[in-house]
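The residues making up each chain are set out below.
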Amino acid sequence: MNIGFIAAGSRKDLIENFCVAYKSILARHELYATEMTGRRIELATNLKVHKFLSGSVGGEKQFIDMIQRDYMDLVIYFYNPLMSSPNEPDIIEITRECDRYNIPIATNIATAEAMVLGLEQGSFQWRAAAREGN
């Protein structure tokens, strides 16, 4: 499965800790992230992460392109709902594209944990079957 990660500046520690906690599950999948988030995940976990550009300089568009081509199976996007920055990827656009292409997205740690544990149990095999059917 292809799992995408994005984290706003104030949430990079959270996504890093999340990936450390679930490293054994994530290690069996292809990981994608915007540049800084990907670097932080790699340093914290020693897992390979395919990195896009930084979100503010095109990484968001690369991320959305993968969603639109149905190459992303799950997205975990930690952002701070109380803060907004023009340099952060657009949560609304990414969420809209995930909804459009039926790609599960978690925007908080509780949902992200449920998704990753579901991934471990095989709950998202329908994503692989749907992609093979295309």
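Just above sits the structure.
What counts, and at which threshold
Residues numbered from 1 in each chain as written. Predicted model: local features only at pLDDT ≥ 70, side-chain atom pairs only at ≥ 80, totals over all residues. Heavy atoms only, no water. Helix = DSSP H or I, 4+ residues; strand = E, 2+ residues; numbered from the N terminus. Rg over C-alpha atoms; globule rule 2.2 N^0.38 Å. Contact = heavy atoms within 4.5 Å. Areas by Shrake-Rupley, 256 points an atom, 1.4 Å probe, with all protein chains shown as cover. Lys, Arg positive; Asp, Glu negative; His and termini not counted. Charge placed at Lys NZ, Arg CZ, Asp CG, Glu CD. Salt bridge = Lys/Arg side-chain N within 4 Å of Asp/Glu carboxyl O. Buried < 20%, exposed > 50% of the residue type's maximum accessible area, 1.4 Å probe, protein only. Phe/Tyr/Trp six-rings, centres within 6.5 Å; stacked < 30°, edge-to-face > 60°.

Some words on the overall build of the chain
Part 1 of the argument: Across its full length, the chain holds seven helices and five strands.
Part 2 of the argument: For the chain, the N- to C-terminal ordering of α and β elements is β-α-α-β-α-β-α-β-α-β-α-α.
Part 3 of the argument: Scaling as 2.2 N^0.38, a compact globule of 134 residues should have a C-alpha radius of gyration of about 14 Å, and the chain matches this with 14 Å.
Part 4 of the argument: Overall size of the chain, expressed as C-alpha extent along the three principal axes, is 40 × 30 × 25 Å.
Part 5 of the argument: Long-range pairs, those at least 24 residues apart, make up 67% of the contacts in the chain with a sequence separation of at least 6.
Part 6 of the argument: Total accessible area on the chain stands at roughly 6900 Å², and carbon and sulfur atoms take up 50% of it.
Part 7 of the argument: A distance of 3 Å separates the average location of the 14 positive side-chain charges in the chain from that of its 17 negative side-chain charges.

Re the pattern of salt bridges
Oppositely charged side chains may form a pair once their charged atoms are brought near each other.
Part 1 of the argument: One pass over the full model with this rule turns up eight salt bridges.
Part 2 of the argument: In this structure, Arg69 engages Asp65 in a salt bridge whose closest nitrogen and oxygen atoms are separated by 2.9 Å.
Part 3 of the argument: Here Arg69 falls in the partly exposed class, since its relative accessible area comes to 42%.
Part 4 of the argument: Under the relative-accessibility criterion, Asp65 is labelled partly exposed at 32%.
Part 5 of the argument: In the salt-bridge network here, residues are joined through shared partners; they are Asp13, Glu16 and Arg40.

Digging into the packing of aromatic side chains
Part 1 of the argument: The tally for this structure, following the rule as stated, stands at five aromatic pairs.
Part 2 of the argument: Relative to Phe78, the ring of Phe18 has its centre 5.9 Å away and its plane inclined at 85°; by these criteria the two rings are edge-to-face. With Phe18 in helix α1 (residues 12-21) and Phe78 in strand β4 (residues 74-78), this residue pair connects regions lying 60 residues apart in the sequence. Each of the two residues, Phe18 as well as Phe78, counts as buried.
Part 3 of the argument: Arranged with centres 5.7 Å apart and planes meeting at 75°, the rings of Phe52 and Phe63 form a pair that is edge-to-face.

A closer look at the environment of Pro104
Part 1 of the argument: For Pro104, the location among the structural elements is in the loop between α5 (91-100) and β5 (105-106).
Part 2 of the argument: On the basis of relative accessible area, Pro104 is assigned to the buried category, the value being 16%.
Part 3 of the argument: Along the chain, Pro104 and Tyr71 lie 33 residues apart, while their C-alpha atoms are 12 Å from each other.
Part 4 of the argument: Those residues in contact with Pro104 that lie beyond four places of it in its chain are Asp73, Leu74, Val75, Met115, Phe124, Trp126 and Arg127.

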